[in-house]
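Here is how the chains run, residue by residue.
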Amino acid sequence: MQSTKIDSALKSAKRTGKKQFAVLIDPDKVNLKKIRQLTDLAVRSQVDYFFIGGSLVVNNSTDSCIEAIQKYCDIPTVLFPGHPVQLSFQADAILFLSLISGRNPDLLIGQHVIAAPLLKKSSLEVLPTGYILIDGGAPTSVTYMSNTTPIPYNKPGIAVCTALAGEMLGLQLIYMDAGSGASRPIAPSMIREVSKSLSIPLIVGGGIRCGEDAYKAVAAGAEVIVVGNAIEKDPILLQEISKAIHSYGTSDVLPYVS
Ligand code: 1GP
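Heads up: these notes are all about the structure in this document. Just so it is clear, the structure is predicted and the values come from calculations on it, not from any experiment.

Overview of the site of the ligand
Lining the immediate environment of the ligand, one finds 13 residues, of which D177, S180, G181, G228 and N229 sit closest. G228 is positioned such that a nitrogen or oxygen atom in its backbone is 2.8 Å from an oxygen atom of the ligand. Within the backbone of N229, a nitrogen or oxygen atom sits 2.8 Å from an oxygen atom of the ligand. Protein burial of the ligand: of its 310 Å² of free accessible surface, 97% is covered by the chains. In a pocket analysis with a 2 Å cut-off to the grid points, the ligand is assigned to the largest pocket. Partitioned by chemical class, the residues of the shell around the ligand number four nonpolar, eight polar and one charged.

Encoded structure:
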């Protein structure tokens, strides 16, 4: 029986206004010798999820990366795969991504057909997710690898219609992503418009580099913030970003709250 634990936690976050933080780990880049330090920091900072994956993973290290995380903590591991070859049955869940901002049939349904029978036999929790790429100011690996055009930065209307269509198609989550290493995060005004139109949880990532960026995204309506690159470069940032996200709606006074 597949669990629905993460789906329930995300829906409850949407209902109650709770904000969550996912640290994105690229299995190619993580230093397994330092994973203990990262998981300790994540536990202390109350990180909610580890997302695992990347647009292009060249080493066969996804399983060992997840095993190492699970050895030291109980933070759920969620696959964020760029391709079915990145499937790992060690993880707790998978973002079953349909790239609904693109018109590449392989990423809308093709690869899902290949992965579905494997997922059916696994114990992974499957999270049907509408994945929406937004122009983050620079070409990113994901736009190149997916062969799709991101939604322009200043066209919130297109993002709203795309997200709505995803929800109407029965997807359970929307993930708006400026792509890893984007030069600017998604505009809070776009997040606000999309969040207002949805009754399913909204995940936002790409180009978030500090607590202030993360806070602005949750204040605009995102339920989950994903950060990868900035934490790869400076793991200590994890504390600042987590604090900012979890401070939303509490009485903690933060310097950048207007
Ligand atoms: C990318 O949303 C994630 O798919 C995270 O992006 O690596 O820029 O934080 P960054």
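Considering the layout of surface pockets
Approximately 1000 Å³ is the volume found for the largest pocket. Looking at the largest pocket, it is lined by 50 residues, and the ones nearest its centre are G54, S55, P81, G82 and V142. Secondary-structure elements contributing two or more residues to the lining of the largest pocket are strand 4 (93–99), helix 4 (105–121), helix 5 (141–146), strand 6 (173–177), strand 8 (224–227) and helix 9 (229–233). Here the lining of the largest pocket is composed, by residue class, of 23 nonpolar, 20 polar and seven charged.

Focus: the pattern of salt bridges
Counted under the stated rule, the structure contains six salt bridges. Between K29 and E232 there is a salt bridge; the shortest N-O distance is 3.9 Å. In this pair, K29 is assigned in the loop between strand 1 (20–25) and helix 2 (35–44) and E232 in helix 9, connecting sequence segments 203 residues apart. Between D40 and R36 there is a salt bridge, with its nearest N and O atoms 3.6 Å apart.

Here we look at unusual backbone geometry
Although it is not a glycine, Q46 adopts a positive phi angle of roughly 60 degrees. In this structure, Q46 sits in the loop between helix 2 and strand 2 (49–52). For N147, which is not a glycine, the phi torsion comes out positive at approximately 55 degrees. On the secondary structure map, N147 appears in the loop between helix 5 and helix 6 (156–168). Using a relative accessible area of 66% as the deciding quantity, one classes N147 as exposed.

Parameters and conventions
- Numbers given for residues are sequential positions, taken from 1 along each chain in its written order.
- For this predicted model, a pLDDT threshold of at least 70 governs which residues receive local features, and a threshold of 80 or more governs which side-chain atom pairs are given and counted, while totals over whole chains, interfaces and linings are taken from all residues.
- For side-chain calculations, the full set of non-hydrogen atoms in the structure is used, while hydrogens and water are omitted.
- We define proximity as follows: a residue is near a molecule or strand when any one of its heavy atoms falls within 4 Å of that partner.
- A 3.5 Å cut-off defines polar contacts: any pair of N or O atoms within that distance qualifies, except that in protein one atom must be a possible hydrogen donor and the other a possible acceptor, and neighbouring residues in sequence count only when both atoms are side-chain atoms.
- With residues, only the protein chains shown are counted as cover, and all accessible areas are computed by Shrake-Rupley using a 1.4 Å probe.
- Think of a 1 Å grid over just the protein atoms. A cavity is a set of points where a 1.4 Å probe fits yet cannot get out, a pocket is an open set with protein on both sides within 12 Å along at least five of seven lines, and lining residues have an atom within 4 Å of a point.
- A molecule is counted as occupying a cavity or pocket when more than half of its atoms fall within 2 Å of that pocket's grid points.
- Under the scheme applied here, ten amino acids are nonpolar (Ala, Val, Leu, Ile, Met, Phe, Trp, Tyr, Cys and Pro), four are charged (Asp, Glu, Lys and Arg), and all others, including Gly, are polar.
- Grid points are joined across faces, edges and corners, and a volume is the space filled by probe spheres set on the points.
- In this text, helices come from DSSP runs of H or I with a minimum length of four residues, and strands from runs of E with a minimum of two, each type numbered from the N-terminal end.
- Any carboxyl oxygen of Asp or Glu that lies within 4 Å of a side-chain nitrogen of Lys or Arg is treated as forming a salt bridge with it.
- Only protein chains enter the area calculation, which uses a 1.4 Å probe; residues under 20% of their type maximum are buried, those over 50% are exposed, and those in between are partly exposed.

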